[in-house]
Amino acid sequence: MITSDLGRLSFSEGLTPVQIGDNRGNVGYADKTGKIVINPQFDEAFPFYGGLAAVTNGGGPSGQIAWIDKDGKYVWRETRETPKTSSNSSVSNSNMVRVINSNSSMSNTMNSNMMSNSSSTNPNQKTGNLVTDSNLRSEPNKDSASMGIHFKDARVIILDETSYERDGTVSTWYKIHVTEYGCSKDSSLGCGKNTPNDADEGWVNAKVVLLN
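Quick caveat: nothing in here was measured; it's all calculated off a predicted structure. (Residues numbered from 1 in each chain as written. Predicted model: local features only at pLDDT ≥ 70, side-chain atom pairs only at ≥ 80, totals over all residues. Heavy atoms only, no water.)

Explanation requested: the pattern of salt bridges in the structure shown.
When the charged atoms of two side chains lie near each other, side chains of opposite charge can form a pair. Tallied over the full model, the rule gives seven salt bridges. Close ionic contact of Arg155 with Glu180 constitutes a salt bridge, the shortest N to O distance being 4.0 Å. Remark: Glu180 occurs in strand E12 (residues 169-180) and Arg155 occurs in strand E11 (residues 155-166); sequence separation between them is 25 residues. For Glu180, a relative accessible area of 26% translates into the label partly exposed. Where Asp200 meets Lys193, a salt bridge forms, and the shortest distance between an N and an O atom there is 3.2 Å. For the pair Asp200 and Lys193, one class covers both residues: buried. (Salt bridge = Lys/Arg side-chain N within 4 Å of Asp/Glu carboxyl O. Helix = DSSP H or I, 4+ residues; strand = E, 2+ residues; numbered from the N terminus. Buried < 20%, exposed > 50% of the residue type's maximum accessible area, 1.4 Å probe, protein only.)

Set out below in structure tokens:
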């Protein structure tokens, strides 16, 4: 139920997730006037970032993950295939936490949630940091499916690289694997990654990676 407490909720891009009633499938989005702008239909809903928001259906955090736009339309849905991981690195997920609209200090949390590289990592492999919050893509182009969002200063290793020409401009993309989380340039989003289910591996434009 939406009450006068709405003003105390945290808004992102003018909208905030709200739950109507206690049953599953009753989470939607409201604007700052209290008007429901995206009908309640999700198990969980997360803040908007860059015009998109992550939602779940079919069993909470373990359910199907999807991305919606501000009209409530699906722009991407999760598949049930387990993504392949690089043989050059391993990821420790046992201490992952959800970081949503947190303004508190995250330094201790980040230390406990740091990802470790495999001792067999190629010492000549390129590494770097994200220079801004970045959307990981399934393929090396901006129109491919989003794999998740990682935050500024996240440490990465470069697994692959490709360049191609489009409209007379050469574009270079890196396939990266995130080895240590950063903190969002938007302080309301805190540190870690946008949602716990965001992939730690995907393609980004080389412009968002500062090589070490």
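Explain the sheet that holds strand E2 (residues 27-30) here, please?
Strand pairing in a sheet relies on backbone hydrogen bonds, with the paired strands running either antiparallel or parallel. Strand order in this open sheet of three strands is E1-E2-E3, and the pairing throughout is antiparallel. Looking along the sheet, the strands with just one partner apiece sit at the ends: strand E1 (16-19) and strand E3 (36-42). Ignoring strand direction, the axes of neighbouring strands in this sheet form an average angle of 30°. With four bridges joining them, E1 and E2 adopt antiparallel strand pairing. Among the inter-strand pairings, Gln19 is bridged to a residue of E2, identified as Val27. (Pairing = 2+ DSSP bridges. Axes fitted to C-alpha atoms, helices over the stretch in contact; angles between N-to-C directions.)

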